[in-house]
Amino acid sequence: MKATQTKPFILIVEDEPSIVDTIRYTLETDNFLTACAGSGEEALAMLATEPVDLVVLDVGLPDLSGFELCKQIRRDSSVPVLFLTARNDEIDRVVGLEIGGDDYVTKPFSPRELSARIKAILRRTCNRIDNNSSPVFSVDEHKQCITCLGIRLELSRYEYLILKTLINRPGRVYSRRLLMEQAWDEPDSSMERTVDAHIKNLRAKLKRVQSGFDPIITHRGSGYSLRENLCP
Ligand code: CA
């Protein structure tokens, strides 16, 4: 995210021009910046170069399905994804862990509802929603770094990946195994204790940013989560 950019930047991935126009009009009226991609390939190219805050993703694209595209996006990005689905039977897959989507609307949808859902996701993921709020955490995927309360954290690769995962879904409890799967290429159950060690280091680093600041919650027997309502 560029510090100078004040409006959230939404990438609309949809091949139907009339739908794109409707979404763009609504979002721009609501103070979002928008760009559009008509294919999966175009979307990936834009995500690699643009500071996208959220992706609106149609399931039916000309070159690859929205599901497949979302999986590809998830390989190196935690950018929120809101699906546009045409059929009710797609919903289970959309919201499933397997795909990694954050929310969905079913076609035909109300542009107002779409905009409201986008705002809710951005609030949840602690991205800024207007000029007055600043995020507690800001993740820069390109530089692989995380800023907390304006201070850049010095993180190891694993600490970065674990914290990024927690930031992506505040409130969600991640088991050690799930965190390992996000951070390690070849997770091994004998490494679950090392997750605890990385969390311990992360907590120490976050307390150094602000004394007493402890946004990571331990859930006995189940794992870790990031405190919700961190947004100022
Ligand atoms: Ca389509």
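In this text the structure is predicted, and so the values were computed from the model without any measurement.

What counts, and where the lines are drawn
- Residues numbered from 1 in each chain as written.
- Predicted model: local features only at pLDDT ≥ 70, side-chain atom pairs only at ≥ 80, totals over all residues.
- Heavy atoms only, no water.
- pLDDT = per-residue confidence, 0-100.
- Contact = heavy atoms within 4.5 Å.
- Axes fitted to C-alpha atoms, helices over the stretch in contact; angles between N-to-C directions.
- Helix = DSSP H or I, 4+ residues; strand = E, 2+ residues; numbered from the N terminus.
- Parallel < 35°, antiparallel > 145°, perpendicular 65-115°, else oblique.
- Left-handed = near helix turned anticlockwise from the far one by under 90°.
- Nonpolar A, V, L, I, M, F, W, Y, C, P; charged D, E, K, R; others polar.
- Donors = N, O, S within 2.8 Å, 3.2 Å for Na, K, Ca; no water.
- Buried < 20%, exposed > 50% of the residue type's maximum accessible area, 1.4 Å probe, protein only.
- Expected span 1.5 Å × (residues − 1).
- Arc of directions from axis to C-beta.
- Core = buried A, V, L, I, M, F, W, Y, C linked by side-chain atoms within 4.5 Å.

*Asks:* Give a description of the confidence of the model for the protein that names residues and reports values.
*Replies:* Taken as a whole, the protein shows an average pLDDT of 84; of its residues, 88% reach a score of 70 or greater. Low confidence marks residues 1-5, where pLDDT is under 50. Its contacts with residues over four positions away, or in another chain, come to 12 contacts. Overall, residues 127-133 carries pLDDT values under 50, and its contacts beyond four positions in sequence, including any with other chains, amount to 16 contacts.

*Asks:* Give me the packing of helix α2 (residues 40-49) against helix α3 (residues 66-76): which residues, what numbers.
*Replies:* Each pair of packed helices gets described by two things: the angle between the helix axes and the distance between those axes. Between α2 and α3, the shortest axis-to-axis distance is 10 Å and the interhelical angle comes to 20 degrees. In terms of axis orientation, α2 runs roughly parallel to α3. Of the two possible hands of crossing, α2 and α3 adopt the one that is right-handed. Of the residues in α3, those touching α2 at Gly40, Ala43, Leu44 and Leu47 are Leu69, Gln72 and Ile73. Its residues assigned to classes, the contact of α2 with α3 comprises five nonpolar, two polar and no charged.

*Asks:* Tell me about the coordination of the calcium ion, and please be specific about residues and values.
*Replies:* Within the first shell, the calcium ion binds the protein through Glu14 (OE), Asp15 (OD), Asp58 (OD) and Gly60 (O), at distances of 2.1 to 3.1 Å. Here the donor residues for the calcium ion map to a single chain with the spacing E-D-x42-D-x1-G. Placement of Glu14 in the loop between β1 (9-13) and α1 (17-29) and of Gly60 in the loop between β3 (54-58) and α3 is noted, with a sequence separation of 46 residues between them. The exposure class of Glu14 is buried, given its relative accessible area of 1%. Taking relative accessible area as the criterion, Gly60 reaches 42% and is therefore assigned partly exposed.

*Asks:* Explain α1 to me, using residue names and the numbers behind them.
*Replies:* With 13 residues, α1 ought to run about 18 Å at 1.5 Å a step, and its terminal C-alpha atoms sit 18 Å apart, in line with that. Restricting attention to buried positions, one finds in α1 the residues Ile19, Val20, Ile23, Thr26 and Leu27. Down the axis of α1, the sector holding all buried residues measures 140 degrees, keeping them to one side. Those residues of α1 that are exposed and angled more than 90 degrees off the buried face are Pro17, Asp21 and Tyr25. Asn31 sits one or two positions beyond α1 and adopts a positive phi of about 75 degrees.

*Asks:* Can you lay out the nonpolar core for me, pointing to particular residues and giving the numbers?
*Replies:* Ranked by internal contacts, the top residues of the largest apolar core, which has 28 residues, are Phe137, Ile146, Ile162, Leu166 and Ile216. Listing elements by their share of this core, those giving two or more residues are β6 (137-140), β7 (145-148), α6 (157-168), α7 (176-183), α8 (192-209) and β10 (223-226). It is α6 that contributes the most residues to this core, six residues altogether. Contacts of Ile146, omitting those with residues within four sequence positions, involve Phe137, Ser138, Val139, Ile151, Arg152, Leu153, Leu155, Tyr160, Leu163, Lys164 and Ile167.

*Asks:* Hey, could you go over the packing of α7 against α8 for me, with residue numbers and the actual values?
*Replies:* The geometry of α7 relative to α8 is characterised by a closest axis approach of 9 Å and an angle of 80 degrees between their N-to-C directions. As judged from the angle between their axes, α7 and α8 are roughly perpendicular. For the pair formed by α7 and α8, the contact residues are Arg176, Arg177, Leu179 and Met180 on the first element and Glu192, Val195 and Asp196 on the second. A per-class count over the contact of α7 with α8 returns three nonpolar, no polar and four charged.

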